[in-house]
Amino acid sequence: MNNPLGTTGLTLNEPLLWEKGRKGRSGFSMPGRDVPPSPLAGFLLGDGPDFPDLSEVDIVRHYTRLSQWNYGVDSGMYPLGSCTMKYNPKTNERQAAVRGFANAHPLLPAPLSQGILELMANLQKYLGEITGLPAVTLQPAAGAHGELTGMMIVRAYHVDAGAPRHKILIPDTAHGTNPASSAICGFTPVPVKSNERGVLSPEHIASVMDEDTAGIMITNPNTLGLFEENIREITDIVHEKGGLVYVDGANMNAVMGIVSMGKIGVDLMHLNLHKTFSTPHGGGGPGSGPVCARKGLAPFMPVPWVEEHEGTYSLSYDHPKSIGKVHAFYGNVGILIRACSYILSMGQNLKKASQLAVLNANYVKEKLKDTFYLPYDRPCMHECVFTDKHQEAHKVTTLDIAKRLIDYGFHPPTIYFPLVVHGAIMIEPTETESRETLDIFIETCKAIAEEARKNPQILHEAPTKPKVRRMDETRAARHPQLAG
Ligand SMILES: *Cc1c(COP(=O)(O)O)cnc(C)c1O
């Protein structure tokens, strides 16, 4: 049989709808017409586009099969370090689909948009409370966009103080977007080394902080999954020289309800709603990276501001020191609704979510530290970083291990990041995985390490089971074929 129906084996060969279509096939039947055809019909409708003719079952099977080629957090564990791929409760999707919200139009005047404006004002309050930084903008569309917005605010602050500064300190454990965002904003990133414990030392910061440095951009918890334990001293050093402290808060999932960033001296930060606050992400879908700042930075926040006066909500634009707009209309509002729904349905349990995220990461770390090499053997936050050092002798690499995990039904973790760790395998289990799932993941990793010893060839060939085998990633990056 040379045209398999795509129902055998793991490879679901699914042709294009154009190849599946058969002239005259249809997904519905209509009663015969009991009026004469209008002479205008042919003129107005023409022959129509050349769509394939298909039955309902053809179409349902086509899209169901395509959806099964995907791996998502709804199909299994997704331990992607630095990205918090946790399960997102479906109720939050439902709230975003409520008709009043889903059909709201950004061009409607404020008096006709009170519900959504109230939701945005409330979300700003909640995020201000969670971070300890009460001035909040919901406009940025992603984490990196929040960073850029934050850097623009830092710049505006120094210009307003009469002394624009040119440099920004970026630790080697920062997320890769940090130096990029500050450079796009016109700052010169100054790399700062972390110490042998994987965190920043105050002495080192003191030696590089000067009066031409606008501030520091710290990913906290950092990309090694470690909390910057000297943050208090570091913020004092930066403030003494007139700089601002920016925190990349994309890893807030580890510290919600536990650390008040405002209290530890942070001036401004961004959050990733599409990591911590329940929006599915990946594939470049819409995100949201609100920036939260201390009160003194409020005048620089993007316009419009959502304001409340005696129970009525409005948008105000007249803020001369504002950096201006950073997104069309008011940001990706659908994501804001999901975040608001998540925060309200979690309540005090937000803190518990962080505690469980940290517990799960430490559980994985302890259970696997004899299997994979653990460069920083100390309590971690929401993620732990291993390397392939123990597997080197068998010529098995981090990439082989990650690819083999696919054969066992897991999405691979983040690999070769952070750059400060050679051959990094970065695992973030998140709080939404059960003990049983974690145990299966751990057993799988141990089985793969055993294979590396006894049968390394199978790892070099992995993945063997999915539809697409190992790809030439360099070629894919250099010569992308975007037209199918
Ligand atoms: C994901 C992430 C970012 C970037 O966020 P995007 O929404 O992808 O732009 C920045 N910093 C850290 C620490 C992250 O984990």
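Owing to the predicted nature of the structure, the values given are computational and were not obtained by experimental measurement.

(A) Expanded view of the packing of helix α6 (residues 114-131) against helix α12 (residues 333-346). The N-to-C vectors of α6 and α12 enclose an angle of 60 degrees; their axes lie 10 Å apart at closest approach. Classified by the interaxial angle, the pair formed by α6 and α12 is oblique. In terms of crossing hand, the pair formed by α6 and α12 is left-handed. For the pair formed by α6 and α12, the contact residues are Ile116, Leu119, Met120, Leu123, Tyr126, Leu127 and Ile130 on the first element and Val333, Leu336, Ile337, Ala339, Cys340, Ile343 and Leu344 on the second. In the contact of α6 with α12, the residues fall into 14 nonpolar, no polar and no charged.

(B) Geometry of the site of the ligand. The environment of the ligand is made up of 14 residues, and the closest members are Ser82, Gly143, Asp248, His274 and Lys275. A distance of 3.5 Å separates a nitrogen atom of the ligand from a polar atom in the side chain of His175. Contacts to the ligand include Lys275, whose side-chain N or O atom sits 2.7 Å from an oxygen atom. Protein chains bury 86% of the 380 Å² of accessible surface belonging to the ligand in isolation. The dominant element in the shell around the ligand, judged by the number of residues it contributes, is helix α7 (residues 143-160), at three residues.

(C) Up close: the nonpolar core. Leu123, Leu127, Ile205, Ile216, Met261, Met269 and Phe277 are the most contacted members of the largest nonpolar core, which has 53 residues in total. Of all the elements in the fold, those that place two or more residues in this core are α6, β4 (213-219), α10 (231-240), β5 (244-249), β6 (268-271), α12 and α13 (349-368). Examining the composition of this core, we find that eight residues originate from one element, α6, more than from any other. There are two domains that each give this core at least three residues, and those are domain 1 (91-346) and domain 2 (349-478). Not counting the four nearest positions on each side in its chain, Phe277 is found in contact with Leu127, Ile130, Met256, Leu271, Asn272, Arg338, Ala339, Tyr342 and Ile343. With 32 residues, the next largest nonpolar core counts Val364, Cys380, Val396 and Ile427 among its residues.

(D) Summary view of the confidence of the model for the protein. Here the protein averages 93 in pLDDT, and 96% of its residues register 70 or above. Counting contacts from residues 1-9, a segment whose pLDDT is below 50, to residues more than four positions away or on other chains yields six contacts.

(E) How the structure looks around the pattern of salt bridges. Applying the stated criterion to the full structure yields 22 salt bridges. Arg232 is paired through a salt bridge with Asp236; the nearest N and O atoms lie 3.1 Å apart. A residue pair is termed a helical-turn pair when its members lie 3 or 4 positions apart in one helix, as Arg232 and Asp236 do in helix α10 at four residues. Owing to a relative accessible area of 36%, Asp236 belongs among the partly exposed residues under this scheme. Among the salt bridges present, the one from Glu366 reaches Lys369, with a minimum N-O distance of 3.2 Å. Glu366 gets classed as partly exposed once you look at its relative accessible area, which sits at 41%. For Lys369, a relative accessible area of 26% gives the class partly exposed. A cluster of three or more residues bridged by salt bridges with shared partners is formed by Lys365, Glu366, Lys369 and Asp377.

(F) Here's a closer look at the sheet that holds strand β10 (residues 384-387). Strands sit in the order β10-β12-β11 across an open sheet of three strands; the sheet is antiparallel. The two strands at the open ends of the sheet, each matched to only one other strand, are β10 and β11 (414-415).

(G) Inspection of the domain arrangement of the protein at higher detail. For the protein, the assigned domains are domain 1 (91-346) and domain 2 (349-478). Taking the mean C-alpha position of each, domain 1 and domain 2 sit 30 Å from one another. If you look at the interface, domain 1 gives 29 residues, while domain 2 gives 22 residues. Together, the buried faces of domain 1 and domain 2 total about 2000 Å²; carbon and sulfur atoms form 63% of this surface. Linking domain 1 to domain 2 there are one salt bridge. Here Arg378 ties to Glu229 by a salt bridge, and the two come within 2.9 Å at their closest N and O atoms. At the junction of domain 1 and domain 2, the tally comes to nine residue pairs in polar contact (both at pLDDT 80 or more).

(H) Examining a nonpolar patch on the surface more closely. There is a patch of nonpolar side chains on the surface, built from Leu16, Trp18 and Phe51 and spanning about 390 Å² of accessible area. Along the chain, the position of Phe51 falls in the loop between α2 (39-45) and α3 (56-69). Residue class for Phe51 comes out exposed when judged on its relative accessible area of 53%.

(I) Region of interest: the sheet that holds strand β1 (residues 135-137). Spatially, seven strands are ordered β1-β7-β6-β5-β4-β2-β3 in an open sheet, and the strand pairing comes out mixed. Each having just a single partner strand, β1 and β3 (188-192) make up the two edges of the open sheet. Neighbour-to-neighbour, the strand axes of this sheet turn through a mean angle of 20 degrees, independent of strand direction. Looking at chain direction, β4 and β5 are connected through five bridges and run parallel. Bridged to Thr219 within β5 is Asp248. Contacts from helix α8 (residues 177-184) reach β2 (167-171), β3, β4 and β5 within the one sheet, and its direction differs from that of β2 by about 175 degrees. Packed on one face of the sheet, α10 meets β4 and β5 and runs near 165 degrees to β4.

(J) Quick peek at the state of the cysteines. Counting across every chain of the model gives zero disulfides. Its sulfur unpaired, Cys83 is 15 Å from the next cysteine sulfur, which belongs to Cys384. Judged by its relative accessible area of 21%, Cys83 falls in the partly exposed class. You can see Cys292 has no disulfide; the closest cysteine sulfur is in Cys340, sitting 14 Å from it.

Basis of the calculations
- Residues numbered from 1 in each chain as written.
- Predicted model: local features only at pLDDT ≥ 70, side-chain atom pairs only at ≥ 80, totals over all residues.
- Heavy atoms only, no water.
- Axes fitted to C-alpha atoms, helices over the stretch in contact; angles between N-to-C directions.
- Helix = DSSP H or I, 4+ residues; strand = E, 2+ residues; numbered from the N terminus.
- Parallel < 35°, antiparallel > 145°, perpendicular 65-115°, else oblique.
- Left-handed = near helix turned anticlockwise from the far one by under 90°.
- Contact = heavy atoms within 4.5 Å.
- Nonpolar A, V, L, I, M, F, W, Y, C, P; charged D, E, K, R; others polar.
- Near = heavy atom within 4 Å.
- Polar contact = N/O pair within 3.5 Å; in protein donor to acceptor, adjacent residues only side chain to side chain.
- Areas by Shrake-Rupley, 256 points an atom, 1.4 Å probe, with all protein chains shown as cover.
- Core = buried A, V, L, I, M, F, W, Y, C linked by side-chain atoms within 4.5 Å.
- Buried < 20%, exposed > 50% of the residue type's maximum accessible area, 1.4 Å probe, protein only.
- Domains from an automatic or database assignment.
- pLDDT = per-residue confidence, 0-100.
- Salt bridge = Lys/Arg side-chain N within 4 Å of Asp/Glu carboxyl O.
- Pairing = 2+ DSSP bridges.
- Buried area = accessible area lost by both parts, 1.4 Å probe.
- Patch = residues over 30% accessible without salt bridge, like charges linked within 9 Å, V, L, I, M, F, W, Y side chains within 5 Å.
- Disulfide = S-S within 2.5 Å.

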